[in-house]
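Fold and contact review
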Amino acid sequence: MALSAAALAEEIRRRRTFAIISHPDAGKTTLTEKLLLYGGAIRSAGSVKSRRSDRHATSDWLEMEQERGISITASVLHFEYQNFRINLLDTPGHQDFSEDTYRALTAADSAIMLLDNRKGVEVQTQKLFSVCKKRRLPIYTFVNKCDRIGEDPLRLLDDVQAELGIDCFVSTWPVRREGRLVGVYDRGCGKVWLYEEAGDHGRSRPRATLVHLESDELATAIGSEGVEKLSEEIELIEIAGSEADFDAVERGEASPVCFGSALTNFGVDVFLERFLSLAPPPSPREVTDGVIEPAAHPFSGFVFKVQANMDPRHRDRVAFVRVCSGEFEEGAEAVVSRTGQKLRLAQPQEFMARERTHADSLAVAGDVVGLLDRGNLRVGDTVALGDRIEYPGVPRFSPEHFSQIHIEDALRRKHLDRGLRHLAEEGTILLLFAPSITGPIPIVGAVGSLQFDVLLDRLQREYGVSARLEKLPFHCARWVTGPDDQIEKVANAYGRRRVMDADGAQLILFDNEWTLRRSMEQEKDLTFHDVQPNTSVDA
Ligand code: G4P
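What you see is a predicted model; the values in this text were computed from it and never measured.

**Focus on the overall build of the protein**
Along the backbone of the protein there are 15 helices and 28 strands. By residue count, 56% of the 539 residues in the protein fall in the buried class. Taking contacts inside the protein between residues at least 6 apart in sequence as the whole, the part at least 24 apart equals 72%. When the accessible surface of the protein is split by element, carbon and sulfur atoms take 48% of a total near 23600 Å².

This is the structure in structure tokens:
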């Protein structure tokens, strides 16, 4: 179905494509579940019981899928909420999978930063925040777990500003009675949302009433002393806190902050509505020579994730494409920019299969489509109708863990090669070759060591290959470009090794950071890249 220009523009305008960034345990799964609840995608939120031991090995959503019986892919959740079409991109919580998260952030138009009210900014939040900042993504902050007493809210804001270098301003503020969260003050309208617990441990939406600061309802809920204290806090926010600057939010330089509890749902509805009204719809994106307007250009998008063997019965791969312009037209012939190959746009994969309420297959800029792929697509590829255009590459980070891989049964060698190729194309590992030294035994590199666990597990389950890893004594690597003899000289020194990735790009492995830094300082003719050359996080 081809939309009229006006209908296409309207569809794009109501898209909100975002990711949640947080440190593990801050409450991302709980909040996601509440967003689904509020969006009507699920009827009741149950406690998602985590199996801590293997939660790192799967997507948080896959885990949720198993626990809750909803079918969700590891990549995107989509649902409708108050005439917004929401695309929530998955970002694995564990730091060893941060590369996946970085890639998902390239597909997002904004991000929710979720903080624990006792912990503030944690390591993983900081890392993910820095990627958002580089991409100038608008960030909306939700301080979670306010049903418990935590850090003083103003101090928490100061910490966020100091640690992340982003201006924060209060959007909602926790309202308590004797330490218990009963509502949130909404700075936008100067009133208080009071909540009534439904008595079902946050499974359903609590009743919310909007009351004036001078109202009897508020005095009854928090007492006259409570009202006085709240008025003082509000005065303090107005005097000492930052003013709401929504232009700065759009530029990724300031973040509105809401307080609440994903567990009890208090404050979640206000946050969600505020977020959806402020967060940007898909905006123009840069390509190699120009800018693509989402509504004024035919279908184009880029692959930000490839996943093999999603359906164990079929050996197929799904390439997840973030649509950046136009409308996905099934049957149309697109071009893959890297290879110039033609690709017929067929069989877009649906996501929330079992519990889908909106069964439309319309996909426009902002949406994510899953394309069945037979090995033609790679992470970073641009797929477009019309002119051959190219979105900047999706970053590929230099690995920090290296191992040689050995198989128990030499007859499974072909299966191993195929599995490694597929998993490298997905970005699970980086496949490296050093033919002169290791012969045919490949080296695998990973940003986080848990990626190796996933590798061995998937080789076994999906390719029937029992393999073992032999750790190599290197701890960092850089892609390197420059005169070949110079590369050779640097790589031949003690504690280093020259290798190639599957694209033929050269890397040097180093046994420690110090030797790497020294080489970088001394070798002025060489350029050391911490992401694969021709890709950039500044995309
Ligand atoms: P994650 O995906 O970011 O890792 O966090 P997740 O939602 O799994 O939440 C981590 C823990 O924090 C869970 O407790 C969860 O119930 C709790 N939690 C989430 N939001 C809130 C909140 O607003 N208030 C409070 N007090 N706790 C919250 P758990 O004991 O580890 O697991 P469970 O047995 O409760 O599922």
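**Considering the confidence of the model for the protein**
Mean pLDDT over the protein: 84, with 86% of residues reaching 70 or higher. Contacts of residues 47–59 to residues separated by more than four positions or lying in other chains number 24 contacts, the stretch itself having pLDDT below 50. Low confidence marks residues 352–359, where pLDDT is under 50. Its contacts with residues over four positions away, or in another chain, come to 18 contacts.

**A word on the sheet that holds strand 9 (residues 191–196)**
Spatially, 7-8-9-10 is the arrangement adopted by the four strands of the open sheet, whose pairing is antiparallel. Bordering the open sheet on either side are strand 7 (172–177) and strand 10 (207–211), each of which pairs with just one other strand. The average angle at which neighbouring strand axes cross in this sheet is 30°, direction not considered. When strand 8 (residues 180–186) meets strand 9, the two strands line up antiparallel, connected through four bridges. Its bridge partner being in strand 9, tyrosine 185 is matched across the sheet by valine 192. Lying over the sheet, helix 8 (residues 216–240) contacts strand 7, strand 8, strand 9 and strand 10, oriented at roughly 140° with respect to strand 7.

**Focus on unusual backbone geometry**
In most cases, non-glycine residues show a negative phi, while peptide bonds are predominantly trans. Look at glutamine 82: it is not a glycine, yet its phi comes out positive at around 45°. On the secondary structure map, glutamine 82 appears in the loop between strand 2 (76–81) and strand 3 (84–89). Unusually for a residue other than glycine, glutamate 178 sits at a positive phi of about 45°. The residue glutamate 178 is located in the loop between strand 7 and strand 8 in this model.

**As for the sheet that holds strand 6 (residues 167–170)**
An order of 2-3-1-4-5-11-6 is seen for the seven strands of this open sheet, with the pairing classed as mixed. Of all strands in the sheet, those with a lone pairing partner are strand 2 and strand 6, marking the two edges. Averaged over neighbouring strand pairs, the angle between their axes works out to 30° when direction is ignored. Looking at chain direction, strand 1 (residues 15–22) and strand 4 (residues 110–116) are connected through five bridges and run parallel. Considered in strand 4, the bridge of serine 22 is made with leucine 114. Where helix 7 (residues 153–164) meets the sheet, its contacts fall on strand 4, strand 5 (139–144), strand 6 and strand 11 (254–259), and the angle it forms with strand 6 comes to roughly 160°.

**Looking at the pattern of salt bridges**
Counted by the stated rule, this structure contains 26 salt bridges. Between aspartate 109 and arginine 322 there is a salt bridge, with the nearest N and O atoms lying 3.1 Å from each other. Here arginine 322 lies in strand 15 (residues 317–325) and aspartate 109 lies in the loop between helix 5 (98–106) and strand 4, a separation of 213 residues in the sequence. When the shortest N-O distance is used, the salt bridge between arginine 207 and glutamate 196 registers 3.3 Å. In this pair, arginine 207 sits in strand 10 while glutamate 196 sits in strand 9, placing the two residues eleven residues apart along the sequence. Salt bridges here are not isolated pairs; linked through shared partners, they connect Glu11, Arg14, Arg15, Glu80, Arg85 and Asp367.

**Concerning the nonpolar core**
With 64 residues, the main nonpolar core has Val160, Val192, Leu218 and Leu230 as its most contacted residues. In terms of residue count, the dominant contributor to this core is helix 8 (six residues). Not counting the four nearest positions on each side in its chain, valine 192 is found in contact with Val175, Val184, Tyr185, Thr209, Leu210, Val211, Leu213, Leu218 and Leu230. Formed by 30 residues, the second largest nonpolar core is a distinct cluster that contains Leu35, Phe79, Tyr81 and Cys258.

**Some thoughts on the packing of aromatic side chains**
In this structure the tally under the stated criterion is ten aromatic pairs. Measuring from ring centre to ring centre gives 6.1 Å for phenylalanine 271 and phenylalanine 275, while their planes differ by 20°; the resulting arrangement is stacked. Of the two residues, phenylalanine 271 and phenylalanine 275 are both situated in helix 10 (residues 268–278); the distance of four residues between them amounts to about one turn of the helix. One exposure class covers both phenylalanine 271 and phenylalanine 275, and it is buried.

**Brief notes about a negative patch on the surface**
On the surface, Asp167, Glu243, Asp245, Asp247 and Glu250 cluster together to form a negatively charged patch. Mapping aspartate 245 onto the fold places it in the loop between helix 8 and helix 9 (246–250). On the basis of relative accessible area, aspartate 245 is assigned to the partly exposed category, the value being 35%.

**Some points on helix 6 (residues 123–134)**
In a regular helix each residue adds 1.5 Å, so twelve residues correspond to 16 Å; helix 6 covers 17 Å between its end C-alpha atoms and thus fits that length. For helix 6, the complete set of buried residues consists of Gln124, Thr125, Leu128, Phe129, Val131 and Cys132. What you see down the axis of helix 6 is that its buried residues fit within an arc of 160°, all on one side. Arginine 136 sits one or two residues past helix 6 and shows a positive phi near 50°.

**Digging into the side chain of serine 325**
With respect to the helices and strands, serine 325 occurs in strand 15. Judged by relative accessible area, serine 325 falls into the buried class, the value being 0%. Polar side-chain contacts of serine 325 include one of 2.7 Å to the backbone oxygen of proline 298. In this structure the side chain of serine 325 is engaged in a polar contact, spanning 2.6 Å, whose partner is the side chain of serine 300. For serine 325, the contacting residues outside a window of four places in its chain are Ile292, Glu293, Pro294, His297, Pro298, Phe299, Ser300, Ala365 and Tyr391.

**Quick word on the packing of helix 11 (residues 413–426) against helix 13 (residues 450–463)**
Packed helix pairs are specified by the crossing angle of their axes together with the interaxial distance, meaning the distance between the axes. One way to put it is that helix 11 packs onto helix 13 with a least axis distance of 10 Å and a crossing angle of 125°. Classified by the angle their axes make, helix 11 and helix 13 are oblique. As for the relative orientation of helix 11 and helix 13, their crossing is right-handed in sense. Residues His415, Leu416, Arg418, Gly419, Leu420, His422, Leu423 and Glu426 of helix 11 lie in contact with helix 13, whose contacting residues are Leu455, Arg458, Leu459 and Tyr463. Taken together, the residues of the contact of helix 11 with helix 13 break down into six nonpolar, three polar and three charged.

What counts, and at which threshold
- Residues numbered from 1 in each chain as written.
- Predicted model: local features only at pLDDT ≥ 70, side-chain atom pairs only at ≥ 80, totals over all residues.
- Heavy atoms only, no water.
- Helix = DSSP H or I, 4+ residues; strand = E, 2+ residues; numbered from the N terminus.
- Buried < 20%, exposed > 50% of the residue type's maximum accessible area, 1.4 Å probe, protein only.
- Contact = heavy atoms within 4.5 Å.
- Areas by Shrake-Rupley, 256 points an atom, 1.4 Å probe, with all protein chains shown as cover.
- pLDDT = per-residue confidence, 0-100.
- Pairing = 2+ DSSP bridges.
- Axes fitted to C-alpha atoms, helices over the stretch in contact; angles between N-to-C directions.
- Salt bridge = Lys/Arg side-chain N within 4 Å of Asp/Glu carboxyl O.
- Core = buried A, V, L, I, M, F, W, Y, C linked by side-chain atoms within 4.5 Å.
- Phe/Tyr/Trp six-rings, centres within 6.5 Å; stacked < 30°, edge-to-face > 60°.
- Patch = residues over 30% accessible without salt bridge, like charges linked within 9 Å, V, L, I, M, F, W, Y side chains within 5 Å.
- Lys, Arg positive; Asp, Glu negative; His and termini not counted.
- Charge placed at Lys NZ, Arg CZ, Asp CG, Glu CD.
- Expected span 1.5 Å × (residues − 1).
- Arc of directions from axis to C-beta.
- Polar contact = N/O pair within 3.5 Å; in protein donor to acceptor, adjacent residues only side chain to side chain.
- Parallel < 35°, antiparallel > 145°, perpendicular 65-115°, else oblique.
- Left-handed = near helix turned anticlockwise from the far one by under 90°.
- Nonpolar A, V, L, I, M, F, W, Y, C, P; charged D, E, K, R; others polar.

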